[in-house]
Amino acid sequence: MLAISFVIFAILDLAPGDPTGNLPLTIAPEVRQKIRESLGLDDPFLVRYARWMQQFFITEPLNLIEQTTGIRNRQLRRSPAPDLVDERGKPVVELIAERTPQTLKVVGLAYLLSVIFAIPLGVVEAGEAEFSIRSSEYGVFSVGLLGPHILYGAAGNCHL
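What you see is a predicted model, and the numbers here were worked out from it, not measured in a lab.

Chemist: Is there a simple way to explain the pattern of salt bridges in this structure?
Modeler: Here the idea is simple: oppositely charged side chains can pair when their charged atoms come close. Throughout the structure, instances matching the rule amount to five salt bridges. Between D13 and R48 there is a salt bridge, with the nearest N and O atoms lying 2.7 Å from each other. Here the residue D13 occupies a position in helix α1 (residues 2-14), and R48 occupies one in helix α3 (residues 45-69), the gap between them amounting to 35 residues. Judged by its relative accessible area of 33%, D13 is partly exposed. Across the pair D43 and R51 runs a salt bridge whose closest N-O atoms are separated by 2.6 Å. A relative accessible area of 36% places R51 in the partly exposed class. In this structure, a network of salt bridges that share partners links the residues D18, R36 and D42.

Chemist: Would you mind going over α3 with me for this structure?
Modeler: Because an α-helix packs 3.6 residues into every turn, residues spaced three or four apart end up facing the same way. Over its 25 residues, α3 runs 35 Å from end to end, which matches the ideal 36 Å to within 8%, given 1.5 Å per residue. Of all bends in α3, the biggest is about 35°, found at Q55. The positive-phi residue at the C-terminal boundary of α3 is G70, with phi of around 80°.

Chemist: Before we go on, may I ask you to explain the confidence of the model for the chain in this structure?
Modeler: In low-pLDDT regions, the fine details of the predicted coordinates are not to be read closely. On average, residues of the chain carry a pLDDT of 76, and 74% of them reach 70 or more. The secondary-structure element of the chain with the lowest mean pLDDT is helix α5 (residues 131-156), recorded at 66, while α1 shows the highest, at 89.

Chemist: Explain the side chain of T20 here, please?
Modeler: Mapped onto the elements of the fold, T20 is located in the loop between α1 and α2 (29-39). Judged by relative accessible area, T20 falls into the buried class, the value being 6%. Here the side chain of T20 touches D18 through a polar contact of 2.4 Å, side chain to side chain. Apart from residues no more than four positions distant in its own chain, T20 is found in contact with R32, I35, R36 and L41.

Thresholds, definitions, all that
- Residues numbered from 1 in each chain as written.
- Predicted model: local features only at pLDDT ≥ 70, side-chain atom pairs only at ≥ 80, totals over all residues.
- Heavy atoms only, no water.
- Salt bridge = Lys/Arg side-chain N within 4 Å of Asp/Glu carboxyl O.
- Helix = DSSP H or I, 4+ residues; strand = E, 2+ residues; numbered from the N terminus.
- Buried < 20%, exposed > 50% of the residue type's maximum accessible area, 1.4 Å probe, protein only.
- Expected span 1.5 Å × (residues − 1).
- Bend = angle between axes of the 7 residues up to and from the residue.
- pLDDT = per-residue confidence, 0-100.
- Polar contact = N/O pair within 3.5 Å; in protein donor to acceptor, adjacent residues only side chain to side chain.
- Contact = heavy atoms within 4.5 Å.

Encoded structure:
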């Protein structure tokens, strides 16, 4: 898992641009540079990866423990790494925790529906089925596989 996280982190690091690229063009270059420095984007790759690992394995689990138990123990933290917060100042671990039940419901329903449809279609496919049934199955599968991606891409391009 660590090797996979390292490879993904490296690939993301090689991607063009950085988080400051999404800032408005009206922000002065000096301010952009200060933001880059505060985010640690000018640090070497291994330093940023180590900081990310610390955030993932130490800071965020401690935040989760503090949020679930109500016990505030900053002494367990060995470094002054800041908590990850969203634009409203809410810790990211809180956002993940409050959205997890809905995510599990959606994933569970998708899994249930896939089993409900896959078993009968697999039985039909295993038997001597006609060509028209197979081609219609492939059409349904294609729509089922590609439809969500197409809708997600279309929704992502809508500017409200």
